[in-house]
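# Remarks on the overall topology
Each chain, letter by letter, is given below.
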Amino acid sequence: MLIFYWMKYSKHILAFLFIFSVFVYSDNSLKEYKIELLMFEIKQSNDDEVFSSTLNIPKGDLVNFYNISEESNYSNFSNISEYISHHVEKNSINKKIPFPSILFRNDTSNLKILNKLKEKIIDNDKYQFIDSKSWIQTIPSLESSKYLFYEDKLKNYGFFIKFYQKRFLHLELKTYIGKPDRKMSNINKFIDIERRLFNEEIHMFDHPNFAILISINEV
């Protein structure tokens, strides 16, 4: 009788155990960091340089960053679909699938660290405020890290951002302003940089036409 019930409800039981284990695991997961991002345009740039190179768009699996207004308290797990498929449907039996970890979740609060700088930029005639974002995320190893991708077609900007840990914290950032075509082959105003980061610091990355500020703080 027990075998019968197990066969009948095994998928539901495994799904429940997975959801329960996620909450247990989350208490022992990687450290979480509050990320704040702020972008602004430089109105009277003296540099009219047009870059002949194009932005190197990341290949492979990307994680879409959602606006808070679109997905309230949205959380993304790194490989949840692959993990469930492996254990529930018993696909790829010989393949080891790592336990999913929370990659990022939206933070519904306003900017805290960068808020005063945001106000100064808005009040300064030399700059044009573009946008700001705020979220909380874990920072995995380089092998497990993924780019967060966001694009705002109305504000004409986008970014690919990836945090990872080796011995220290690192950032890979690809951000741009302008209206890209479908292949993003016409982007000529962009920042493409890789940098070591320090906790509880504000980092600035600039271009002759725009700049981006990033704050990172362990929570």
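Procedures and definitions
Residues numbered from 1 in each chain as written. Predicted model: local features only at pLDDT ≥ 70, side-chain atom pairs only at ≥ 80, totals over all residues. Heavy atoms only, no water. Helix = DSSP H or I, 4+ residues; strand = E, 2+ residues; numbered from the N terminus. Buried < 20%, exposed > 50% of the residue type's maximum accessible area, 1.4 Å probe, protein only. Contact = heavy atoms within 4.5 Å. Areas by Shrake-Rupley, 256 points an atom, 1.4 Å probe, with all protein chains shown as cover. Salt bridge = Lys/Arg side-chain N within 4 Å of Asp/Glu carboxyl O. Core = buried A, V, L, I, M, F, W, Y, C linked by side-chain atoms within 4.5 Å. Pairing = 2+ DSSP bridges. Axes fitted to C-alpha atoms, helices over the stretch in contact; angles between N-to-C directions. Polar contact = N/O pair within 3.5 Å; in protein donor to acceptor, adjacent residues only side chain to side chain. Patch = residues over 30% accessible without salt bridge, like charges linked within 9 Å, V, L, I, M, F, W, Y side chains within 5 Å. Phe/Tyr/Trp six-rings, centres within 6.5 Å; stacked < 30°, edge-to-face > 60°. Lys NZ or Arg CZ within 6 Å of the ring centre and 35° of its normal.

Quick look at the overall build of the protein chain now. Along the protein chain, the regular secondary structure elements total 3 helices and 11 strands. A total of 219 residues make up the protein chain; the buried ones form 39% of that total. Look at the contacts in the protein chain between residues 6 or more apart in sequence, and 65% of them connect residues 24 or more apart. Summed over all atoms, the accessible surface of the protein chain reaches about 13,800 Å², with 51% contributed by carbon and sulfur.

A word on the pattern of salt bridges. Applying the stated criterion across every chain yields a total of 5 salt bridges. With a closest N to O distance of 3.7 Å, lysine 133 and aspartate 131 form a salt bridge. Lysine 133 sits in the buried class, given a relative accessible area of 10%. Of the charged contacts, one joins aspartate 131 and lysine 155 as a salt bridge, the two residues approaching to 3.2 Å between their closest N and O atoms. Of this pair, aspartate 131 sits in strand E5 (residues 127-138) while lysine 155 is found in the loop between strand E6 (147-152) and strand E7 (157-165), placing the two residues 24 residues apart along the sequence. Classification of aspartate 131 as buried rests on a relative accessible area of 7%.

This brings us to the nonpolar core. With 27 residues, the main nonpolar core has Trp135, Ile161, Phe163 and Ile214 as its most contacted residues. Of all the elements in the fold, those that place two or more residues in this core are strand E1 (32-42), E5, E6, E7, strand E8 (169-177), strand E9 (190-197) and strand E11 (210-218). Ile57, Phe149, Phe160 and Tyr176 belong to the second largest nonpolar core, which has 9 residues in total.

Another point: the sheet that holds E8. Spatially, the 5 strands line up as an open sheet ordered E2-E6-E7-E8-E9, and their pairing is mixed. Looking at which strands have only one partner, the edges of the open sheet turn out to be strand E2 (62-64) and E9. Here the strands of the sheet are splayed against their neighbours by 20° on average, with no regard to which way each runs.

Moving on, we come to the side chain of histidine 207. Here histidine 207 is to be found in the loop between strand E10 (201-206) and E11. Looking at histidine 207, the relative accessible area reads 6%, which means it is buried. In terms of polar contacts, histidine 207 uses its side chain to reach the backbone amide nitrogen of asparagine 209, at 2.8 Å.

Moving on: a nonpolar patch on the surface. A surface patch of nonpolar side chains, amounting to about 220 Å² of accessible area, comprises Ile113, Leu117 and Ile202. Checked against the element boundaries, isoleucine 202 lands in strand E10.

Let's shift gears to the side chain of serine 145. Tracing the backbone through its elements, the reader meets serine 145 in the loop between E5 and E6. At a separation of 2.9 Å, a polar atom in the side chain of serine 145 contacts the main-chain carbonyl oxygen of leucine 142.

A complete count under the given rule lists 9 aromatic pairs for this structure. With a centroid separation of 6.4 Å and 10° between ring planes, the pair formed by tryptophan 135 and phenylalanine 159 is classed as stacked. Placement of tryptophan 135 in strand E5 and of phenylalanine 159 in strand E7 is noted, with a sequence separation of 24 residues between them. The two residues tryptophan 135 and phenylalanine 159 agree in class, both being buried. Look at tyrosine 150 and tyrosine 157: their rings are 6.0 Å apart centre to centre, the planes differ by 50°, and that puts the pair in the tilted class. Comparing tyrosine 150 with tyrosine 157 shows no difference in burial state: the two are buried. Among the aromatic residues, ring-to-ring pairing joins Phe65, Trp135, Tyr150, Tyr157 and Phe159 into one connected group. Cation over ring: arginine 196 sits above phenylalanine 168, and NZ or CZ is 3.6 Å from the ring centre.

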